[in-house]
Amino acid sequence: MKRTRAGAGCTVTVCRGCCCGTTAKHPDVDHAGQLARLRGALVGVAQVRVSDCLDVCEHSNVVVVSPSPAGRKAGARPVWLGFVLDDGAVDDIAAWVGSGGPGLADPPVTVDLYAFTPPRRAARAAER
């Protein structure tokens, strides 16, 4: 994975305040462990932040990968991923982001399977 200077990498937003990240909806998922795994894999590579609710609960657990400045320059937009419920998905997301993420690296096929198009209101709120 490429190490970047602060602010030069992707931003990964993890929904964790509503049904995403709770045992009420997904009792067999180690939500805190997933977040720690993602943060650990992306130290120095990308900013990982937590959102209370991205308002797309029907896709929980949701992760949004926003492109780096270079990725945006290449025309990339944020990629919304739903049903991120296992460590394999987290590892694939981390590997893709570590390779450059949206606009700079093709996502693994497994990451493509998680992608969805959010409603406009949710997309606007996540970019703030």
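Scroll up to find the structure this text is about.
Note that the structure is predicted; figures quoted are calculated from it, not measured.

Trainee: Before we move on, could you go through the sheet that holds strand β4 (residues 79-81) and cite the residues and values that matter?
Mentor: Pairing in this open sheet of 5 strands is mixed, and the strands run β2-β1-β3-β4-β5 from one edge to the other. The open sheet has two free edges, formed respectively by β2 (47-51) and β5 (115-116), since each of these has just one partner strand. Pairing of strand β3 (residues 63-66) with β4, which is carried by 3 bridges, proceeds in the antiparallel orientation. By the bridge assignment for β4, V63 is matched with L81. Sheet strands in contact with helix α1 (residues 31-41) are β1 (11-15) and β2, and its direction is about 155° off that of β2.

Trainee: An account of the pattern of salt bridges is requested, with residue identities and associated values reported.
Mentor: For the coordinates displayed, the defined rule picks out 2 salt bridges. Between D91 and R37 there is a salt bridge, with its nearest N and O atoms 2.6 Å apart. With D91 in helix α3 (residues 87-98) and R37 in helix α1, this residue pair connects regions lying 54 residues apart in the sequence. The partly exposed category is assigned to D91, whose relative accessible area is 34%.

Trainee: Could you give an account of the packing of aromatic side chains, with specific residues and numbers?
Mentor: What the rule picks out here adds up to 1 aromatic pair. Considering the side-chain rings of W80 and F116, the 6.0 Å spacing of their centres and the 75° angle between planes classify their relative orientation as edge-to-face. Taken together, the residues W80 in strand β4 and F116 in strand β5 connect sequence positions 36 residues apart. In this structure, W80 and F116 share a single accessibility class: buried.

Criteria and thresholds
Residues numbered from 1 in each chain as written. Predicted model: local features only at pLDDT ≥ 70, side-chain atom pairs only at ≥ 80, totals over all residues. Heavy atoms only, no water. Pairing = 2+ DSSP bridges. Helix = DSSP H or I, 4+ residues; strand = E, 2+ residues; numbered from the N terminus. Contact = heavy atoms within 4.5 Å. Axes fitted to C-alpha atoms, helices over the stretch in contact; angles between N-to-C directions. Salt bridge = Lys/Arg side-chain N within 4 Å of Asp/Glu carboxyl O. Buried < 20%, exposed > 50% of the residue type's maximum accessible area, 1.4 Å probe, protein only. Phe/Tyr/Trp six-rings, centres within 6.5 Å; stacked < 30°, edge-to-face > 60°.

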